[in-house]
Amino acid sequence: MEKNALLNAYRMMNRIREFENEAIELAKANETRAAVHTYQGEEAIATGVCAHMTREDFITSTHRGHGHCIAKGADLTRMFAELLGKGEGYCKGKGGSMHIADLTTGNLGANGIVGGGIPIAVGAALSMQLDHSDNFTVSFFGDGAANEGSFHEALNMASIWDLPVIFVCENNQYGISTHVSKSMHVKDIAERAVAYNIKGMVVDGNNVAAVDAAMEEAVAHVKAGKGPVLMEMKTYRMAGHYFGDNQNYRTRDEVNSWKDKDPILQCAKLLMEQWEVSEEELNEIRKEEHKAVLDASKAARQMSDPDIEDLTEDLYDPIFADITWKAFQKPDNGGKRL
Amino acid sequence: MRKISMREAINEAMHIAFHSDPNVFTMGEDIAVYGGQLRCSYDLYDNFGSERVRDTPISEMAIVGAGVGAALHGKRPIVELSYSDFIGTSFDQILNQAAKIRYMYGGSVNIPLVIRTQGGAGLGNGAQHSQSLEAILAHIPGIRVVMPSNAYDAKGLLLHAIRDNNPVIFYEHKALYKQKCEVPEEPYEIEYTSDVKREGTDITIVTYSAMVGRSLKAAEELEKEGISVEVIDIRTLEPLDMEPVLASVKKTGRVLIVHEACKKGGFGAELSAQIQEFAFGALKTGVTRIGAPNVPVPFAVNLEKMYVPEVSLIVETVRNLIKNN
């Protein structure tokens, strides 16, 4: 990666990390109410993937979706506002942490159902193909989703139609408490690409430069009309499944062993060794992002609750599309087939 | 005016929609060259090609989910589930995605998706190909549920549904596909409203889908006995237009609800509750329901015949209601 791209990635990863740390602080203070699933340790994936996307390229996200949302360019204050159930949040307080969507940045939304977004990403990619556009869709999901029927149905459908969709499987080793070794019998989830005759890639998801390079290859593949790609990002969920997880299913040694592979530390090392960026400069970036996150959190906390009258709003769009129906005269197709 | 079948009317509505809006496309199992298991999409493939009329793998979750995704990206997909029983294998995308996304995302997105499917018993298709699952669907906030009872309504309601910016389950009845009635050739829409199919003064029958025809036949027989029956076809379960129903109840004071689905927990329970909530004072007697017994749809001819409410049962029930009250 070029120096500037790597510096941008470092900044983005810190923004996500700081956001998640603050989200946990808010959870501790019981301001976020129910579960907050944080992304510490996986920041390189959203950062490296979304750096290759425009706002016209869409993503679908997961219950652990803050990182995807931020990397796609979301406003931090409106995100915090949604986590806090405020009326000015991305979903007017109706979604919460697990359901942030932002069409203006090409984010079709986080999803509380494991694997729920994968077929939706396929549909968006189908629409892009029908438009003959150069855009593509990325579906983020975890190792757990790779055992859902929706994953298999969606990969098969995307494969037969050569759709421009990149399936990004964030293998963070655990589905809540269950280790991947207990939930599947393949070494790499990417092996499953073979079953659908699509391109599969195993990527070091804790190394943003590796994610970046792999994503460049994947984007070239889908844009060339060669069909979908399944990228498996090997990573580790540094925090619990959500704030409050007792984590009795893993050892301190295991968690510590991944601390050396922290994607932000790895990126910092690369910047210092390869590009001679000073530690002070990196600290400055981290501090700026820390402040931006705290400012956003503070601003969000001062926002007001949704109007009570808004409870029953937004279920349906009351407007019908402006289409004028025109009669169709069928040509005579008779006798063409059996 | 010419008479066409409900199958032809649905086919015609889809041709109009494809011709009028390039964002409309359809996908489902065997719908292209084969014309669909429902035989409603015949000719569409010939006239609009394989991009917009596409066969899918047998993957109901992906079919509905891809419809949701394409709709979010600006298309107006019509996805087909060959049998409404297959809602089971696609349910997450209906229940948790299509129905909830708009509200959950604060109204920031629309899902102009039509899910065409068919249900109902009477043709010997057995327990997993004959269900009437509308109560389950109508219970979920966020999806329209439309159930046409004839060709004319089907054409107008389908065009209305395709222009709707919200997800719609367009729930056809397999026993109605061949039934013909007068249908204008030009495009028209029917809004989501209840329709008085027959006026009467002694009793109100509230019904929908295939039971509309049977209720009308029952009304004809009862007329010979001097009993005047009003038949209201609610046509859409969500949104539910109760005004004509309540107005009718206030006129007749007696109500019979007829549907093919199992009576227990069926949509008749909701209709009954609303009538008693909003027109209790007008009732001369309790609201009565006719529905199928609480078992899956049986196969044998005589059992299936007993399962689906017959005209004679409607006649008998009305007679008793009038006699005793």
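Counting restarts for each chain: residues are numbered from 1 in the order of the written sequence. The lettering of chains begins at A and the numbering of ligands begins at 1, in the order of writing. Where local features are concerned, this predicted model is filtered to residues with pLDDT of at least 70; where side-chain atom pairs are given and counted, the filter is 80 or more; whole-chain, interface and lining totals use all residues.

### A few points about the overall build of chain A
In step 1: Secondary structure follows DSSP: runs of H or I at least 4 residues long count as helices, runs of E at least 2 residues long count as strands, and numbering of each begins at the N terminus. Check the secondary structure of chain A and you find 12 helices and seven strands.
In step 2: With the C-alpha coordinates aligned to their principal axes, the bounding extent of chain A is approximately 75 × 50 × 40 Å.
In step 3: Per-residue burial over chain A gives 51% buried out of 338 residues. For the exposure call, what matters is how many other C-beta atoms sit within 10 Å of a residue's own: 20 or more marks it buried, 12 or fewer exposed, and in between partly exposed, using C-beta atoms placed from the backbone.

### Observations concerning the domain arrangement of chain B
Residues and elements named next belong to chain B.
In step 1: What the domain assignment reports for chain B is domain 1 (3-182) and domain 2 (195-324).
In step 2: Between the C-alpha centres of domain 1 and domain 2 there is a distance of 26 Å.
In step 3: Throughout, a pair of residues is in contact if the C-beta atoms placed from their backbones lie within 7 Å. Opposite the 24 residues of domain 1 that make contact, domain 2 presents 21 residues.
In step 4: Mapped by element, the contributors of at least two residues to the side of domain 1 that touches domain 2 are helix H6 (134-138), strand E6 (144-146) and helix H7 (151-163).
In step 5: Residue classes in the side of domain 1 that touches domain 2 are distributed as 12 nonpolar, nine polar and three charged. Note: domain ranges come from an automatic or database domain assignment. Charged residues are taken to be Asp, Glu, Lys and Arg, nonpolar residues to be Ala, Val, Leu, Ile, Met, Phe, Trp, Tyr, Cys and Pro, and polar residues to be all remaining types, Gly included.

### A word on the nonpolar core
In step 1: For our purposes the nonpolar core covers buried Ala, Val, Leu, Ile, Met, Phe, Trp, Tyr and Cys residues that link as a set through C-beta atoms within 7 Å. Formed by 197 residues in total, the largest nonpolar core has its most connected members in Val122, Ala125, Val165, Ile166, Phe167, Val168 and Met231 of chain A.
In step 2: With 10 residues, the single largest contributor to this core is helix H1 (residues 3-28) of chain A.
In step 3: Here this core spans two domains, and each of domain 1 (3-182) and domain 2 (195-324) of chain B adds at least three residues to it.
In step 4: Those residues in contact with Ala125 of chain A that lie beyond four places of it in its chain are Phe136, Thr137, Ala158, Leu163, Pro164 and Val165 of chain A.

### Considering the pairing of strand E6 (residues 199-204) of chain A
All names here are of chain A.
In step 1: Should DSSP find at least two bridges between two strands, the strands are regarded as paired. Bridging between E6 and strand E7 (residues 229-234) involves six bridges; their strand directions are parallel. Counterpart to Val202 in the pairing with E7 is Glu232.
In step 2: Every crossover in which the path from the first strand over the helix to the second runs clockwise, viewed with the strands pointing away from the viewer, is termed right-handed. Between the parallel pair E6 and E7, the chain is carried across by helix H9 (residues 208-223), and the sense of this crossover is right-handed.

### Describing the sheet that holds strand E5 (residues 114-119) of chain B
Residue and element names in this part refer to chain B.
In step 1: If you walk across this open sheet you meet the seven strands as E3-E2-E4-E5-E7-E6-E12, and the pairing is mixed. Each edge of the open sheet is held by one strand with a lone partner, namely strand E3 (53-55) and strand E12 (236-238). Adjacent strand axes in the sheet meet at a mean angle of 20 degrees when their direction is disregarded.
In step 2: Sheet topology note: the strand E2 (residues 24-28)/E3 ladder contains three bridges and is parallel. What sits directly across from Met27, in E3, is Arg54.
In step 3: Packing of helix H3 (residues 60-72) onto the sheet brings it into contact with E2, strand E4 (76-81) and E5, and relative to E4 it is tilted by some 170 degrees. In this analysis an axis means a line fitted to C-alpha atoms, helices contributing only their contacting stretch, and an angle means the value between N-to-C directions, from 0 to 180 degrees.

### Overview of the sheet that holds strand E2 (residues 137-142) of chain A
All names here are of chain A.
In step 1: Sheet architecture is open: five strands sit in the order E1-E2-E3-E7-E6, paired in parallel fashion. A single partner strand is all that each edge strand has here, and the edge strands are strand E1 (58-60) and E6. Taking each pair of neighbouring strands and ignoring which way they run, the sheet shows an average axis angle of 20 degrees.
In step 2: The sheet contacts of helix H5 (residues 117-130) involve E1, E2 and strand E3 (165-171), and relative to E2 the element is tilted by about 170 degrees.

### Thoughts on the packing of H1 of chain A against helix H11 (residues 263-275) of chain A
Between two packed helices, what matters for the description is the angle formed by their axes and the separation of those axes.
Residues and elements named next belong to chain A.
In step 1: Where H1 meets H11, the axes come as close as 10 Å, and the angle between the chain directions of the two elements is 155 degrees. What the angle tells us is that H1 and H11 run roughly antiparallel. Pair H1 / H11 crosses with left-handed handedness. Judged by residue contacts, Lys3, Leu6, Leu7, Ala9, Tyr10, Met13, Asn14 and Arg17 of H1 engage Pro263, Ile264, Cys267, Ala268, Leu270, Leu271 and Trp275 from H11. Should an angle fall under 35 degrees it is taken as roughly parallel, and over 145 as roughly antiparallel, whereas 65 to 115 is taken as roughly perpendicular and any remaining angle as oblique. In this scheme the handedness of a crossing depends on how the near helix is turned from the far one: anticlockwise by less than a right angle means left-handed, clockwise means right-handed.

### Here's the deal with the interface of chain A and chain B
In step 1: Across the contact, 46 residues belong to chain A and 50 residues belong to chain B.
In step 2: Of all the elements in the fold, those that place two or more residues in the side of chain A that touches chain B are H5 and helix H6 (149-160) of chain A.
In step 3: It is H5 of chain A that provides the largest number of residues to the side of chain A that touches chain B, a total of 10 residues.

### Topic: the environment of Arg54 of chain B
Residue and element names in this part refer to chain B.
In step 1: Looking at the element boundaries, Arg54 is found in strand E3.
In step 2: Residues Arg54 and Phe25 lie 29 residues apart in sequence; the distance between their C-alpha atoms is 8.3 Å.
In step 3: Once residues lying within four places of it in the same chain are set aside, the contact partners of Arg54 are Met27 and Ala32.

### Side note on helix H2 (residues 44-52) of chain B
Residues and elements named next belong to chain B.
In step 1: Buried residues of H2: Leu44, Tyr45, Phe48 and Arg52, and no others. Projected onto a plane normal to the axis of H2, the buried residues spread over an arc of 130 degrees and lie on a single side.
In step 2: Close packing links the buried residues of H2 with helix H1 (6-20), E2 and E3. What the arc measures is the spread of directions leading from the helix axis to the C-beta atoms.

### Considerations on unusual backbone geometry
In step 1: Cis peptide bonds are those with omega within 30 degrees of zero, and the linkage from Glu238 of chain B to Pro239 of chain B qualifies with 0 degrees.
In step 2: Phi at Lys92 of chain A is positive, roughly 55 degrees, even though this residue is not glycine.
In step 3: Considering the arrangement of structural elements, one finds Lys92 of chain A in the loop between helix H4 (76-83) and H5.
In step 4: Assessed through the 22 C-beta atoms surrounding it within 10 Å, Lys92 of chain A is described here as buried.
In step 5: Backbone geometry places Asp162 of chain A, a non-glycine residue, at a positive phi of 50 degrees.
In step 6: Of the residues examined, Asp162 of chain A has 15 C-beta atoms within 10 Å and is grouped as partly exposed.

### Looking at the pairing of strand E13 (residues 255-262) of chain B
Residue and element names in this part refer to chain B.
In step 1: Burial analysis of E13 places eight of its eight residues in the buried class, which makes it a mostly covered element.
In step 2: Bridge count for strand E10 (residues 203-207) against E13 is four bridges, and the pairing is parallel. Bridge pairing links Thr207 to Val258 in E13.
In step 3: Where E13 and strand E14 (residues 288-292) come together, four bridges link them in parallel fashion.

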